[in-house]
Amino acid sequence: MTTSATHTVVPVSHVDPFGHEVLEDPHQFHAELRDAGPVVHLTAQDVYALGRHEQVHAALSDWQSLESGAGVGLSNFRHAKPWRPPSLLLEADPPRHDAPRAVLTRILGPRALRRLRDAWFADAAALVERVLRTPEFDAVTALAEEFPLRVFPDAVGIPKEGRENLLPYGDHLFNAFGPPNDLVEKGTSRIAELSEWVDAQCRPAVLDEDGFGARIWEAAGRGDITPEQAPLVVRSLLSAGVDTTVHGLAAVLHAFATHPGQWRRFRRNPGLARVAFDEAVRLESPVQTFFRTAVTDVRIGGAVIPGGRKILMFLGAANRDPRRWERPGEFDLSRDPSGHVGFGMGIHQCVGQHVARLESEALLTALAERVERIEIAGPVVRHHNNTLRALSSLPVRVVRAGRA
Ligand code: 8QM
């Protein structure tokens, strides 16, 4: 069935992309979306959807026509009050976006991360040694959650107390980009308490002088951003830096556990750690979707989307678009995964991606040195979230290197 847009006919889908069936296994829906056309009208949320790599890439790159300042979730900040003060990075457009972005680009850049590398590799080695004392464990809780929660909050410089709030805060934040469904409902009772804790970690007095947080406040001291902006920029680190890396690491561990040949190849060539992580981010797309808002009438794939309307970009569908990738469903270390949109594209592209890559390189290197085989040892359980593709459990059995 089709419905009339301004100048052309836009295919329609009645599927709810935030329903549990799609969240459990989105691939069939993504294929239908891509095959229906470059733009599809989703009646469940009355938004326009992009599932093909070409259009998702183009939309992410076109910040002039497709704004972020009206929110990158379903809710339109021009008409509805956001549940928290908008992010100065994610939910802002040039020129206001640019100073906070420039500050974080420097603080989270490859040069600045060099001083963390040795400590993170040592932390990863110690964690893996401890975890390998038992041949079976849950790779989500024991590794994918444990490692980022050890190194990242320390790197930001927040105190130890209350760190258990970080994942539930992120889970609700990422749910809140979707429609107000049961997943949002289940997070609402705790969100005031969680937000209060997160906001309290953004003040200069609680931040360690060595961390990313203190560097943000130094930038405010220099006048690169204002003192009013600084706590919100720290909040961005605590919002975007934990759940995303947890589920990215879970994705690469799941990919290796289900592709033993790729694990052998990686062990022979540990230089592939970064390719492996990006390939897993392409394959699983921990951040599945984001919205933009049309500033004026915009033409995409022959359709005209009226100004003010929301556009839903399916990063996960674009990252498996057979128009762009050969054998898109395969985890393959011989492919070049660059060009995937799992970290976004354009001016909003993940500012923390070097941090995520360093975390994964440390953990995968520690595992490659010690683990000969890794295989699934029980039911793999997905965690449903309106934005994240996530696992709650990945039971694995490992064979230690040299002891097979
Ligand atoms: C998603 O608060 C923020 O600035 C923020 C929150 C979530 C993200 C990015 C930024 C993309 C990972």
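As the structure is a computational prediction, the values presented were derived from the model and not from experiment.

## Re the overall build of the protein
- Per the secondary structure count, the protein includes 15 helices and 14 strands.
- In terms of C-alpha radius of gyration, the protein reaches 21 Å, essentially the compact-globule figure of 22 Å for 404 residues.
- Across its three principal directions, the C-alpha atoms of the protein cover 65 × 50 × 40 Å.
- Counting over 404 residues, the protein shows a buried share of 58%.
- Here the contacts in the protein between residues at least 6 apart in sequence split such that 71% fall between residues at least 24 apart.

## Here we look at the layout of surface pockets
- One number sums up the size of the largest pocket: a volume of about 340 Å³.
- The wall of the largest pocket is formed by 21 residues, among which Ser 75, Trp 83, Ala 176, Phe 177 and Gly 178 lie closest to the centre.
- Of all the secondary-structure elements, those providing two or more residues to the lining of the largest pocket are helix 7 (166–175) and helix 8 (182–200).
- Sort the elements by how many residues they give to the lining of the largest pocket and helix 8 lands first, with three residues.
- Residues that form the lining of the largest pocket fall into these classes: 13 nonpolar, five polar and three charged.
- In this structure, the second largest pocket spans a volume of roughly 220 Å³.
- For the second largest pocket, the full set of lining residues is Ile 107, Ala 112, Arg 115, Leu 116, Asp 154, Ala 155, Asp 208, Asp 210, Gly 211, Phe 212 and Arg 215.
- Every element with two or more residues in the lining of the second largest pocket is listed here: helix 5 (110–131), helix 6 (139–156) and helix 9 (212–222).
- When residues in the lining of the second largest pocket are grouped by element, the largest group, three residues, is from helix 5.
- Among the residues forming the lining of the second largest pocket, the class breakdown is five nonpolar, one polar and five charged.

## Here's the deal with the sheet that holds strand 14 (residues 395–400)
- Pairing is antiparallel across the open sheet formed by three strands, whose spatial order is 6-14-11. If you trace the sheet from one side to the other, it starts and ends with strand 6 (136–138) and strand 11 (371–376), each paired once. Neighbour to neighbour, the strand axes of the sheet diverge by 30° on average, direction disregarded.
- Two strands pair when backbone bridges link them, and strand 6 and strand 14 are joined in this way by three bridges, in the antiparallel orientation. Paired with Phe 137 across the strands is Val 396, a residue of strand 14.

## Looking at the confidence of the model for the protein
- Of all residues in the protein, 98% have pLDDT values of 70 or greater, and the mean over the chain is 97.
- Confidence drops under a pLDDT of 50 for residues 1–6, and excluding neighbours within four residues, the segment shows 16 contacts in the predicted structure.

## What to know about unusual backbone geometry
- The omega angle of the peptide bond from Pro 94 to Pro 95 is 5°, so this bond is cis rather than trans.
- Tracing the backbone shows Pro 95 in the loop between strand 5 (66–67) and helix 4 (98–107).
- The backbone phi angle of Asp 46 is positive, close to 55°, even though this residue is not glycine.
- For Ser 285, which is not glycine, the phi dihedral falls at a positive 45°.

## A look at the site of the ligand
- Within the structure, the ligand sits among Arg 84, Ser 87, Leu 90, Leu 173, Phe 174, Ser 236, Ser 239, Ala 240, Thr 244 and Phe 290.
- Within the side chain of Arg 84, one N or O atom sits 2.8 Å away from an oxygen atom of the ligand.
- In the environment of the ligand, an oxygen atom lies 2.6 Å from a nitrogen or oxygen atom belonging to the side chain of Ser 87.
- Secondary-structure elements contributing two or more residues to the shell around the ligand are helix 7 and helix 10 (230–240).
- Per-element tally for the shell around the ligand: the top contributor is helix 10, with three residues.
- Residue composition of the shell around the ligand, grouped by class: five nonpolar, four polar and one charged.

## With respect to the pattern of salt bridges
- Tallied over the full model, the rule gives 28 salt bridges.
- Taking the shortest distance from any N to any O, the salt bridge between Arg 400 and Glu 129 comes out at 3.3 Å. Of this pair, Arg 400 sits in strand 14 while Glu 129 sits in helix 5, and the two are 271 residues apart along the sequence.
- You can call Arg 400 buried: its relative accessible area is 17%.
- Glu 129 gets classed as partly exposed once you look at its relative accessible area, which sits at 32%.
- Residue Asp 278 pairs with Arg 357 through a salt bridge whose shortest N-O separation is 2.5 Å. Taken together, the positions of Asp 278 in helix 13 (residues 273–284) and Arg 357 in helix 15 (residues 353–370) put the pair 79 residues apart, joining distant regions of the chain.

What counts and how
- Residues numbered from 1 in each chain as written.
- Predicted model: local features only at pLDDT ≥ 70, side-chain atom pairs only at ≥ 80, totals over all residues.
- Heavy atoms only, no water.
- Helix = DSSP H or I, 4+ residues; strand = E, 2+ residues; numbered from the N terminus.
- Rg over C-alpha atoms; globule rule 2.2 N^0.38 Å.
- Buried < 20%, exposed > 50% of the residue type's maximum accessible area, 1.4 Å probe, protein only.
- Contact = heavy atoms within 4.5 Å.
- 1 Å grid on protein atoms, 1.4 Å probe; cavity = no way out; pocket = protein on both sides within 12 Å on 5 of 7 lines; lining within 4 Å.
- Points joined across faces, edges and corners; volume = space filled by probe spheres on them.
- Nonpolar A, V, L, I, M, F, W, Y, C, P; charged D, E, K, R; others polar.
- Pairing = 2+ DSSP bridges.
- Axes fitted to C-alpha atoms, helices over the stretch in contact; angles between N-to-C directions.
- pLDDT = per-residue confidence, 0-100.
- Near = heavy atom within 4 Å.
- Polar contact = N/O pair within 3.5 Å; in protein donor to acceptor, adjacent residues only side chain to side chain.
- Salt bridge = Lys/Arg side-chain N within 4 Å of Asp/Glu carboxyl O.

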